[in-house]
Amino acid sequence: MTPEICPDRMLARLAELGRIGALEGGGVCRLALTEADKSGRDWLVAGMRALGLTVSIDGIGNIWGIRPGTGDGAPVMVGSHIDTVATGGLYDGALGVLAGMEIIAALNTSEARTQRPVAVAAFTNEEGARFAPDMMGSGVHQGALDLDEMLAVTATDGRGVVKEDLDRIGYRGDAAPITPAAFLELHIEQGPVLEQDGVRIGAVTGVQGIHWTEFTVHGQTNHAGTTPMALRRDAGQVAMRIAREADAIAADNGPPQVATVGVFEVSPGLVNVVPDHARLTVDLRNTDGAVLEAATRRLTGFAEAAAAEAGCTLTHRPLARFAPVAFDAGLVDKVEAAARSRQLSVKRMPSGAGHDAQMFAPNCPTAMIFIPSHKGLSHNVKEHSDEADIIAGTQVLLDLVCDLAGV
Ligand code: HGY
Ligand code: MN
Ligand code: MN
Ligand code: MN
């Protein structure tokens, strides 16, 4: 019997996971290694076991379940993440993991045997919202990030350390990482392109480069009324200038350059006190690695000069440095062909967002499938994708898994 997706079962799982960490009024918050993340992990592991999968957990808390094949070669792996940002939606990450669960269920129901084993994975801390960098779990799993270094990472809010939080939620395992025969990730586009173009499926060609930098500025508190501007050492003004420079870089480089100041703190935060401390993060991205490197050099050089000019001291540290990644051309072709064979419109496109798949690309044939995001919204509680697109994306993923794993 040919394995078929059961739409109701797939949508029910998405709704069920969406209730874990659900926010009043909609949306989800399952920040990495929090109690909500633990609850999501517990639910997922139970679901994997109920599907008969052999579950493994590695040293950074990545979870994967394997359905055996008739042969014992490397598995075809599908996966993504179940951690979210604080203003998360139902689909970012969850879609790719739960589509994998649905594929296992479809294989089980049809009693199909695959030549290769099939694995479903959920990677730790893809978002990087609490602990930078993002794609932490998949980066360690695939050798792009060092396990001990990542275990020692302190939360950007200063509250928590990866290793302690992993131990607290009981997800620091010892399974050896695996390199699959191929890695596929189904994900919402998180941008406006597919919806604007009226296209159902994105055959993702690669992921743009990502540079995150944290700047910390120290100046001197002083009286807002009595201190002449020339005598101030105003950390807040320096931070604002750095933020404006990030904006200027995006304007000067033009698309696809993007720049985001996501964290911006000044202290002591009092109306009549010149700030003596500021901390900000800048997220720069570009599909061109050389342009991105130059952008980061321009920003850090500007920051150092601005601080010196204002009589402040400045430190900066990289929170993430990921070069652009291209996916396997043959596999991207297969994504396109699989969509077409289901009479789904499809277009090739790069990913603006980072994804776990980018960590597998250097080590095995890797590709991604996008479905449209309503109004291009994501990292927003109103994140939405149509049920028909969710099912279509899952069916394309199933067809690719059956092809690659040999049903
Ligand atoms: O930042 C990103 O692109 C991803 O959502 N972690
Ligand atoms: Mn994601
Ligand atoms: Mn995300
Ligand atoms: Mn992502």
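All of these numbers come straight from a predicted model, not from anything done at the bench.

S.K.: Would you mind showing me how to read the sheet that holds strand β10 (residues 313-322) here?
M.R.: Spatially, four strands are ordered β8-β9-β7-β10 in an open sheet, and the strand pairing comes out antiparallel. Only two strands of the sheet have a single partner each, and these edge strands are β8 (258-267) and β10. Direction aside, neighbouring strands of the sheet carry axes that sit 15 degrees apart on average. Summarising the sheet, strand β7 (residues 209-218) and β10 pair through nine bridges and their orientation is antiparallel. What sits directly across from Trp212, in β10, is Ala320. Against the sheet, helix α8 (residues 235-253) contacts β7, β8, β9 (277-286) and β10, and its axis sits at roughly 175 degrees relative to β8. In this fold helix α9 (residues 289-309) packs onto β7, β9 and β10, with an angle of close to 5 degrees to the strand it touches most, β7.

S.K.: Help me understand the UniProt feature "domain: Peptidase M20 dimerisation" (unreviewed entry) in the protein in this model?
M.R.: Here, the residues flagged by UniProt with the feature "domain: Peptidase M20 dimerisation" (unreviewed entry) are residues 206-309. For residues 206-309, the end-to-end C-alpha separation is 41 Å, with 38% helix and 31% strand making up the annotated structure.

S.K.: Help me understand the coordination of the manganese ion (ligand 4), please; the structure alone is not making it clear to me.
M.R.: Tetrahedral coordination by four donors places them ideally at 109.5 degrees to one another around the metal; octahedral coordination by six donors ideally gives 90 or 180 degrees. Donor atoms from the polypeptide that bind the manganese ion (ligand 4) are Glu126 (OE) and Gly354 (O), placed at 2.2 to 2.3 Å. Separating the manganese ion (ligand 4) from the manganese ion (ligand 2) is a gap of 2.8 Å. With Glu126 in the loop between β4 (118-122) and α4 (136-141) and Gly354 in the loop between β12 (346-351) and α11 (357-360), this pair connects stretches of sequence that are 228 residues apart.

S.K.: Any chance you could explain the site of ligand 1 here in plain terms?
M.R.: Taken together, Glu126, Glu127, Asp134, Trp212, Arg285, Ala353, Gly354 and His379 are the residues near ligand 1. Within the side chain of Asp134, a nitrogen or oxygen atom sits 3.2 Å from a nitrogen atom of ligand 1. Within the contact set of ligand 1, an oxygen atom lies 2.7 Å away from a side-chain nitrogen or oxygen of Arg285. Here ligand 1 has 210 Å² of accessible area as a free molecule, and 95% of this is covered by the chains. More than half of the atoms of ligand 1 fall within 2 Å of the grid points belonging to the largest pocket. In terms of residue class, the shell around ligand 1 is made up of two nonpolar, two polar and four charged.

S.K.: What's the story with the pattern of salt bridges in this structure? I'm lost.
M.R.: Side chains carrying opposite charge are able to pair once their charged atoms draw close together. All told, the structure shown has 22 salt bridges when counted by the stated rule. Arg159 is paired through a salt bridge with Asp157; the nearest N and O atoms lie 3.7 Å apart. Its relative accessible area of 61% is what places Arg159 among the exposed residues. Classification of Asp157 as partly exposed rests on a relative accessible area of 37%. Here the salt bridges share partners, and the residues they tie into one network are Glu35, Arg130, Asp165 and Arg168.

S.K.: Honestly, the coordination of the manganese ion (ligand 2) in this entry has me stumped. Any pointers?
M.R.: Only His81 (NE2), Asp92 (OD) and His187 (NE2) from the protein coordinate the manganese ion (ligand 2), and they sit 2.0 to 2.2 Å from it. Mapped onto the sequence, the residues coordinating the manganese ion (ligand 2) show the spacing H-x10-D-x94-H. Here His81 falls in the buried class, since its relative accessible area comes to 0%. By relative accessible area, His187 is classed as buried at 1%.

Calculation criteria
Residues numbered from 1 in each chain as written. Chains lettered and ligands numbered in written order. Predicted model: local features only at pLDDT ≥ 70, side-chain atom pairs only at ≥ 80, totals over all residues. Heavy atoms only, no water. Pairing = 2+ DSSP bridges. Helix = DSSP H or I, 4+ residues; strand = E, 2+ residues; numbered from the N terminus. Axes fitted to C-alpha atoms, helices over the stretch in contact; angles between N-to-C directions. Contact = heavy atoms within 4.5 Å. UniProt positions renumbered as here; feature names shortened; annotations may be inferred. Donors = N, O, S within 2.8 Å, 3.2 Å for Na, K, Ca; no water. Near = heavy atom within 4 Å. Polar contact = N/O pair within 3.5 Å; in protein donor to acceptor, adjacent residues only side chain to side chain. Areas by Shrake-Rupley, 256 points an atom, 1.4 Å probe, with all protein chains shown as cover. 1 Å grid on protein atoms, 1.4 Å probe; cavity = no way out; pocket = protein on both sides within 12 Å on 5 of 7 lines; lining within 4 Å. Sits in = over half its atoms within 2 Å of the grid points. Nonpolar A, V, L, I, M, F, W, Y, C, P; charged D, E, K, R; others polar. Salt bridge = Lys/Arg side-chain N within 4 Å of Asp/Glu carboxyl O. Buried < 20%, exposed > 50% of the residue type's maximum accessible area, 1.4 Å probe, protein only.

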